[in-house]
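Chains, contacts and geometry: an overview
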Amino acid sequence: MQRAIFCDFDGTIARSEVFVALMRHFAPQAAARILPEIYAQRLTLRDGLPQVLGTIPSWRWPELEDFVRDTEIRPGLDGLLAHANQAGIPFIVVTGGFTRMAEIVLAPYRQEIYAIHGLEVDTTGEWLRVSSPWQDDHELVAKAAVVAHYHPRDAVCIGDSITDLRVARQCPLVCARDRLAEYLRAEGRDFLPFDDFADVSAALDQRGWWREPAHAG
């Protein structure tokens, strides 16, 4: 494909960090111990997340789904999706959280979204078990691997936190906010700050993304 937009879900499309809130609600002790280590980059996402999620009983999975149903979407998503679809640019959601949670929240927009990639869950055992076809030595969902899978000629990555850092270091154009912006600023890396998706649409418009239709494939 010529161009593609890769967008995080938690804290980016969703106004709040739903996945983090979910872990703190359903696995408070493990989350309090493990999450600070992940944010400080002393523990990888691949090693840390299963230690938290693996303490949640499988029978509680329906409660986790209910937990995200009223998630608030960041303003401007409609406009960004409309621009992307009109220009023929795939909009791909890549979440470090559960694929299912993103599917639930984004159901009204699903026809305009090219694909959603994230964590898969196995509830057949006593405790939740998570996996992903995109995992590597550092992450359960290696977002850079997802980008490489689509091998676009040009890409923009949109994100807000630690799960977006490694892909942001490689992506040609990055829109960042919150914790991701802090990481990139500390590393001296260029990025476009944003508050809502109208900011992202305007930034891409300035760079000519909407002027010439791109074709997926």
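Residues numbered from 1 in each chain as written. Predicted model: local features only at pLDDT ≥ 70, side-chain atom pairs only at ≥ 80, totals over all residues. Heavy atoms only, no water.

Under an unreviewed UniProt entry, the protein chain has the name 2-hydroxy-3-keto-5-methylthiopentenyl-1-phosphate phosphatase and belongs to Acidithiobacillus ferridurans.

**Looking at the sheet that holds strand β3 (residues 115–122)**
Adjacent strands of a sheet pair through backbone hydrogen bonds, lying either parallel or antiparallel. In spatial order, the strands read β4-β3-β2-β1-β5-β6-β7; together these 7 strands make up an open sheet with mixed pairing. Each edge of the open sheet carries a strand with a single partner, namely β4 (129–131) and β7 (192–193). Inspection of the sheet shows strand β2 (residues 91–98) paired to β3 by 4 bridges, in the parallel sense. If you follow Val94 over to β3, its bridge partner there is His117. Against the sheet, helix α10 (residues 178–186) touches β5 (154–159) and β6 (173–176), its axis set at about 125° to β6. (Pairing = 2+ DSSP bridges. Helix = DSSP H or I, 4+ residues; strand = E, 2+ residues; numbered from the N terminus. Contact = heavy atoms within 4.5 Å. Axes fitted to C-alpha atoms, helices over the stretch in contact; angles between N-to-C directions.)

**Here's the deal with the side chain of Thr95**
Structurally, Thr95 can be placed in strand β2. Among the residues examined, Thr95 registers a relative accessible area of 0% and is labelled buried. A distance of 3.4 Å separates polar atoms of two side chains, one belonging to Thr95 and the other to Asp10. Beyond its immediate sequence surroundings of up to four residues, Thr95 is in contact with Asp8, Phe9, Asp10, Ala102, His117, Gly118, Leu119, Val141 and Lys143. (Buried < 20%, exposed > 50% of the residue type's maximum accessible area, 1.4 Å probe, protein only. Polar contact = N/O pair within 3.5 Å; in protein donor to acceptor, adjacent residues only side chain to side chain.)

**Considering unusual backbone geometry**
Positive phi outside glycine occurs at His151, with the angle close to 30°. Along the chain, His151 falls in the loop between α8 (143–150) and β5. Residue Asp178 is not a glycine yet carries a positive backbone phi of 55°. For Asp178, a relative accessible area of 46% puts it in the partly exposed group.

**Some remarks on the pattern of salt bridges**
A complete count under the given rule lists 15 salt bridges for this structure. Of the charged contacts, one joins Arg15 and Glu72 as a salt bridge, the two residues approaching to 3.4 Å between their closest N and O atoms. Taken as a pair, Arg15 in the loop between α1 (9–13) and α2 (18–26) and Glu72 in the loop between α5 (61–68) and α6 (77–86) lie far apart in primary sequence, 57 residues in all. Taking relative accessible area as the criterion, Arg15 reaches 42% and is therefore assigned partly exposed. One connected set of salt bridges, linked through shared partners, spans Glu65, Asp66, Arg69 and Arg100. (Salt bridge = Lys/Arg side-chain N within 4 Å of Asp/Glu carboxyl O.)

**Focus: the environment of Leu180**
Of note, Leu180 is situated in helix α10. For Leu180, a relative accessible area of 1% corresponds to the buried category. Sequence separation of Leu180 and Asp160 is 20 residues, and the distance between their C-alpha atoms is 4.7 Å.

**Digging into the packing of α6 against helix α11 (residues 197–206)**
Between α6 and α11, the shortest axis-to-axis distance is 7 Å and the interhelical angle comes to 30°. In terms of orientation, α6 and α11 fall into the roughly parallel class. Here α6 and α11 pass one another in a crossing that is left-handed. Contacts from Leu77, Gly79, Leu80 and His83 of α6 reach α11 at Phe197, Val200, Ser201 and Leu204. (Parallel < 35°, antiparallel > 145°, perpendicular 65-115°, else oblique. Left-handed = near helix turned anticlockwise from the far one by under 90°.)

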